[in-house]
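Residue-level structure breakdown
Letter by letter, the chains look like this.
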Amino acid sequence: MGEAKLSVKSGADVFSSPEVLENREEMYRNFFDNSIDGMFRITRFGRIMSANPAMARIFGYESPKELICSIKNIGEQIYVEMERYDTLKRLMRKQDAVHDFEFQAIDKAGGKIWVFQNVKAVRNKAGLLLYYEGTIRDISVRKDLEDQLIQSQKMEAIGRLAGGIAHDFNNILTTMMGNAELALHQLAPQNPVRKRIKIILETAERAAELTRQLLTISRKQVISPVILNVNNAVENVGKILDRLLGEDVQCNIDLGGRVQPIRADACQIEQVILNLAVNARDAMPNGGKLNIATTTVYLDQEYCKNHPEVVSGDYTMISVSDTGTGISGASMEHIFEPFYTTKATGNGLGLSIVYGIVKQCGGYIEAVSAVGIGSSFKVFFPCVAEAEKTPEDPLSTPEGFMPSGKENILIVEDEVFIRELISDVLFRCGYTVHSAATAEEALAGYDGAESRIDLLVTDVILPGMRGQELAEELKARLPDMKVLFMSGYTDDRIRHSDILEGRAHFLPKPFTPVILAKKVHEILVPN
């Protein structure tokens with residue numbers, strides 16, 4: 001019997017067979033073509049050797065061939081900042097591989113996108129560099145979300161600071177304006193000191209306006225929203241734009257015919273339009289065109305994917321665009337920050353006030369600008385179903401008289417000068433006045449059923465027990481007692497909805513004696 005001969009193939013022979021190699025090549029090609037990440041090989045000189053469809057898609061090209069033919073040097077044509085490309089090259093020389101390297105890139109249309117890449121050097125057995133290969137991913141959406149989060153956190157921190165400053169400053173202004181107005185009423189019409197006191201009052205009012213702007217930025221200002229048509233606000237602002245813009249700025253207003261109403265404070269909406277218009281004027285020192293338009297749009301789910309703070313639905317949009325100098329990319333990142341300005345004489349509050357108002361209304365603002373071409377701001381406000389008339393402001397009447405009454409009023413205010421001022425004003429109006437520095441002192445002075453309190457006037461922020469807690473404690477004993485809250489700003493202790501729907505009365509500081517007296521009379525003797 002002869003010996004059987006066995007034919008044995010090594011593992012290397014099996015895996016290097018033409019059939020296996022063909023299968024491996026097909027698997028690699030499928031992975032290369034279907035990957036959601038861009039894949040590439042480039043020469044040491046920055047020329048693309050190969051790229052997959054995802055790579056072309058990320059940079060806006062129709063095909064890998066178009067990408068390869070168009071990009072002769074990635075450093076010069078892809079990187080926004082050559083410094084980042086130089087950094088990558090230094091790292092590659094040092095360690096032959098770099099992971100999660102972020103940079104801003106330029107796409108086919110000239111737009112900017114954020115990407116990160118993993119790249120490694122491929123060498124032969126002798127250690128000579130053959131090429132670089134790696135993957136790249138578009139992270140623009142993630143970077144936008146990060147920027148929005150940082151901006152939101154920054155505005156929240158600034159808002160807390162602004163609210164605290166406004167609270168203390170408004171207490172000072174209340175004392176200043178109140179005593180100045182009382183002194184003015186006690187002087188004869190021909191007294192020369194009246195002129196000086198009027199200057200004090202006018203200056204204090206300017207300071208009060210600054211604190212109101214700070215509160216708008218921090219979104220802690222008490223507003224009086226009604227259901228309104230933004231076209232009316234645009235028309236009101238349009239009446240004064242000619243004087244503000246100058247002869248060399250052409251203003252075009254295009255009001256949408258079927259604009260849905262929104263719920264907002266009418267004065268604040270006008271302020272948004274006015275601030276954007278003035279900002280546009282300043283961007284056109286040599287003249288130009290200002291376009292203001294209104295319309296109602298539907299923001300769909302696709303839009304909301306790229307703007308996660310927006311809820312899909314109908315929005316009334318106010319757009320303000322200009323043909324001015326435009327805003328650089330570096331400045332665009334800061335335009336809504338308080339006190340940031342590129343103007344020689346600006347205070348940097350205009351756009352931050354707009355931002356605060358829009359956010360307080362539950363809206364959204366979008367800004368686009370190109371240097372040398374102009375800027376466009378689109379403000380979106382959520383639509384509501386029906387319109388209603390704007391109520392007349394009972395404190396807007398210009399008369400300087402202070403209405404009187406005979407009710408019992410309890411004043412709780414920890415600032416001694418404000419407490420004395422309020423007591424003096426209401427005593428002059430004929431009321432029986434009691435006062436306390438703290439909630440605990442006020443409760444200790446209440447002696448049961450014999451004590452009658454028609455109105456509690458209390459500061460929101462008090463040492464120890466707060467104003468709202470005091471009001472709840474006394475209301476439990478005196479259900480018919482009315483309450484007037486005061487504060488330099490509002491926070492969660494008193495919900496805005498309670499104030500706006502009449503469940504709580506609120507008097508923002510600073511206020512004058514006339515405004516205080518009218519507000520008290522309005523509460524005690526409602527129409």
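Below is a short write-up of the structure. (Residues numbered from 1 in each chain as written. Predicted model: local features only at pLDDT ≥ 70, side-chain atom pairs only at ≥ 80, totals over all residues. Heavy atoms only, no water.)

1. What about the side chain of Arg 419?
By secondary structure assignment, the location of Arg 419 is in helix α14 (residues 416-428). Discounting chain neighbours no more than four positions away, the residues touching Arg 419 are Ile 411, Glu 413, Asp 414, Ser 435, Ala 436 and Ala 437. (Helix = DSSP H or I, 4+ residues; strand = E, 2+ residues; numbered from the N terminus. Contact = heavy atoms within 4.5 Å.)

2. Concerning the sheet that holds strand β2 (residues 48-51)
Read across the open sheet, the five strands follow the order β2-β1-β5-β4-β3; overall the sheet is antiparallel. Every interior strand has two partners, whereas the edge strands, β2 and β3 (97-106), have only one. Strand-to-strand twist in this sheet, taken as the mean axis angle between neighbours without regard to direction, amounts to 30°. (Pairing = 2+ DSSP bridges. Axes fitted to C-alpha atoms, helices over the stretch in contact; angles between N-to-C directions.)

3. Focus on the pattern of salt bridges
A full pass over the atoms with the stated rule returns 17 salt bridges. Among the salt bridges present, the one from Asp 424 reaches Arg 428, with a minimum N-O distance of 3.1 Å. With Asp 424 and Arg 428 both in helix α14 and four residues apart, the pair spans about one turn of that helix. Residue class for Arg 428 comes out partly exposed when judged on its relative accessible area of 46%. (Salt bridge = Lys/Arg side-chain N within 4 Å of Asp/Glu carboxyl O. Buried < 20%, exposed > 50% of the residue type's maximum accessible area, 1.4 Å probe, protein only.)

4. So, the environment of Ile 273
The topology assignment puts Ile 273 in helix α10 (residues 266-282). Here Ile 273 falls in the buried class, since its relative accessible area comes to 0%. Linking Ile 273 and Val 237, residues 36 residues apart in sequence, is a C-alpha distance of 7.2 Å. In contact with Ile 273, other than residues within four places in its own chain, are Ala 233, Val 234, Val 237, Ile 292 and Ile 318.

5. Structural notes on the sheet that holds strand β15 (residues 455-459)
Here we have five strands laid out as an open sheet, ordered β14-β13-β15-β16-β17, and parallel in their pairing. Pairing within the sheet leaves two strands with one partner each, and these edge strands are β14 (432-436) and β17 (505-508). Ignoring strand direction, the axes of neighbouring strands in this sheet form an average angle of 20°. In the packing of α14 onto the sheet, the strands contacted are β13 (408-412), β14 and β16 (482-487), and the crossing angle to β14 comes to about 170°. Relative to β17, helix α18 (residues 513-524) is tilted by about 175°, and along the sheet it contacts β13, β15, β16 and β17.

6. Side note on the packing of aromatic side chains
Going through the model one piece at a time under the given rule, you end up with six aromatic pairs. Ring centres of Tyr 303 and Phe 380 lie 6.4 Å apart, and the angle between their planes is 55°; on these two criteria the pair is classed as tilted. You can see Tyr 303 sitting in helix α11 (residues 301-306) and its partner Phe 380 sitting in strand β12 (residues 374-382), a full 77 residues away along the chain. For Tyr 303, a relative accessible area of 19% puts it in the buried group. Judged by relative accessible area, which is 4%, Phe 380 ranks as buried. Chaining the aromatic ring pairs together yields one cluster made of Tyr 79, Tyr 85, Phe 101 and Phe 103. Stacked on the ring of Trp 114, the Lys or Arg Lys 143 has its end atom at 4.5 Å from the ring centre. (Phe/Tyr/Trp six-rings, centres within 6.5 Å; stacked < 30°, edge-to-face > 60°. Lys NZ or Arg CZ within 6 Å of the ring centre and 35° of its normal.)

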